[in-house]
Amino acid sequence: MLNALSLLLISVPVLVFTWAYGGTRAATLAEGMPWASFACLIGIFLFPQRHDNEAWDSSIKRVLKGFVKDPCLWVVVVFLFYLVIPLFNVALCPTCDWQKIDAGENPYPPFRFLPFCVNPKEHAGLLWCFGPLFLVALGVRHGLVKSGKRAFFEGLVWNGAALSFFGFIQLAFGAKFPYWGEVARPIHFFSVFGYPNDAGSFFAFTYVLSLGLWCQTMARVEERDLSEDVS
């Protein structure tokens, strides 16, 4: 029961990303992703999956030790720090702030040799996208046991299948949403994703993942059949 709870909590950010407009609406992410990330943290550090005959406190110590020693954690920290820099190193937008530039304001960021942006509010969306998903990846590495990891990947495949089915329902009933660019026109969207290429990449990923899981299962079946023949 607790192992299933761990899997569910660690998967919450993925579910929010896929079902809340495919992660394309910054306002939705800003509202829901902090709670989703908090749920993921609870699943990782408070209710991690346990091996057979492993005590609850021992599983927590194992996860903490694995986190600290994982090189991926420090790569993620450095990358997120890299994304934070543009929030404070802001330049003027050549098209949006052309009046300020014509008035003589300096269009360059304070530190030209560092990463910069022209709109900190829009750039902050990158942190909402990368941060929680890196947390999920680390949670799968350390908070789930081997069977839990496979269940997580199988869940991604079934989640993609559910999204695909829901997308056909949307198209059948003519679901639309207003385009948020300069031209306000209603356009179709597929499986809650904001852009067709986003949906295409996601479903291609789930297809390849499902093939990998199927091949792994077939290899295990063949190994079991061979062992039975030898015995």
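Residues numbered from 1 in each chain as written. Predicted model: local features only at pLDDT ≥ 70, side-chain atom pairs only at ≥ 80, totals over all residues. Heavy atoms only, no water.

**Regarding the overall build of the protein**
For the record, the criterion: A run of DSSP states H or I qualifies as a helix once it reaches four residues; a run of E qualifies as a strand once it reaches two. Both are numbered from the N-terminal end. Think of it in three bands: residues with accessible area under 20% of the maximum for their type are buried, residues over 50% are exposed, and the middle band is partly exposed, with areas taken using a 1.4 Å probe on protein chains only. Contact definition: two residues touch when any of their heavy atoms are within 4.5 Å. Using a 1.4 Å probe, the Shrake-Rupley method yields the accessible areas, and only the shown protein chains count as cover for residues.
In terms of helices and strands, the protein carries eight helices and two strands. Along the chain direction, N to C, the helices and strands of the protein fall in the order α-α-α-α-α-α-α-β-β-α. Counting the 231 residues in the protein, one finds 34% classified as buried. Sequence-distant contacts in the protein: of pairs separated by 6 or more residues, those separated by 24 or more amount to 65%. Accessible area for the protein stands at about 14700 Å²; split by element, carbon and sulfur atoms hold 69% of it.

**Digging into the environment of Ala199**
Within the element layout of this structure, Ala199 appears in helix α8 (residues 196–230). Along the backbone, Ala199 and Gly22 are 177 residues apart, and their C-alpha atoms lie at a distance of 8.0 Å.

**Focus on the confidence of the model for the protein**
Quick reminder of the rule: By definition, pLDDT measures how confident the predictor is in each residue, and it falls between 0 and 100.
Per-residue pLDDT for the protein has a mean of 85; in total, 86% of the residues score no lower than 70. Ranking the elements of the protein by mean pLDDT puts strand β2 (residues 186–188) last, at 53, and helix α4 (residues 71–88) first, at 95.

**Quick word on the nonpolar core**
How we decide: Residue types Ala, Val, Leu, Ile, Met, Phe, Trp, Tyr and Cys, when buried and joined through side-chain atoms within 4.5 Å, form a set referred to as a nonpolar core.
Of all hydrophobic cores here, the largest spans 18 residues; its most connected members are Ile10, Ile44, Val136 and Phe152. Secondary structure elements with two or more residues in this core: α1 (2–19), α2 (26–46), α3 (56–69), α6 (120–143), α7 (146–172) and α8. At four residues, the largest contribution of residues to this core is made by α6. Setting aside chain neighbours within four positions, we find Ile44 in contact with Ile10, Val63, Phe67, Leu135 and Gly139.

**Concerning the pattern of salt bridges**
How we decide: Whenever a carboxyl oxygen of Asp or Glu lies within 4 Å of a side-chain nitrogen of Lys or Arg, that contact is scored as a salt bridge.
Applying the stated criterion across every chain, the model contains three salt bridges. Note that Glu54 and Arg62 form a salt bridge whose closest N and O atoms lie 2.9 Å from each other. Judged by its relative accessible area of 26%, Arg62 is partly exposed. A salt bridge links Asp70 to Arg141; the shortest N-O distance between them is 2.8 Å. A residue pair is termed long-range when its members are at least 10 positions apart, and Asp70 in the loop between α3 and α4 and Arg141 in helix α6 qualify at 71 residues. Look at Asp70 and you get buried, because its relative accessible area is 3%.

**Things to note about the packing of aromatic side chains**
Condition: For this analysis, a ring pair means two rings from Phe, Tyr or Trp (six-membered ring only for Trp) whose centres lie within 6.5 Å, classed as stacked if their planes differ by under 30 degrees, edge-to-face if by over 60, and tilted for the remaining angles.
In total, this model carries eight aromatic pairs according to the counting rule given. Judged by centre distance (5.7 Å) and plane angle (90°), the ring pair of Phe79 and Phe134 falls under edge-to-face. Here Phe79 is found in helix α4, whereas its partner Phe134 is found in helix α6, with 55 residues between them in sequence.

**Considering the side chain of Asp70**
To be explicit about the condition: Between N or O atoms, a polar contact is any pair within 3.5 Å; within protein, one atom must be a potential hydrogen donor and the other a potential acceptor, and residues adjacent in sequence are included only when both atoms are from side chains.
Among the polar contacts made by the side chain of Asp70, one reaches the side chain of Arg141 at a distance of 2.8 Å. Sequence-distant contacts of Asp70, defined by excluding residues within four places in its chain, comprise Leu138, Arg141 and His142.

**Topic: the environment of Ile85**
Take Ile85: it is sitting in helix α4. By relative accessible area, which is 18% here, Ile85 ends up buried.

**Quick word on the environment of Gly143**
Mapped onto the elements of the fold, Gly143 is located in helix α6. Judged by relative accessible area, which is 0%, Gly143 ranks as buried. In this structure the C-alpha to C-alpha distance between Gly143 and Leu46, which are 97 residues apart in sequence, comes to 9.5 Å. When residues no more than four places from it in sequence are discounted, the contact partners of Gly143 are Ile10, Pro48, Gln49, Val63 and Leu138.

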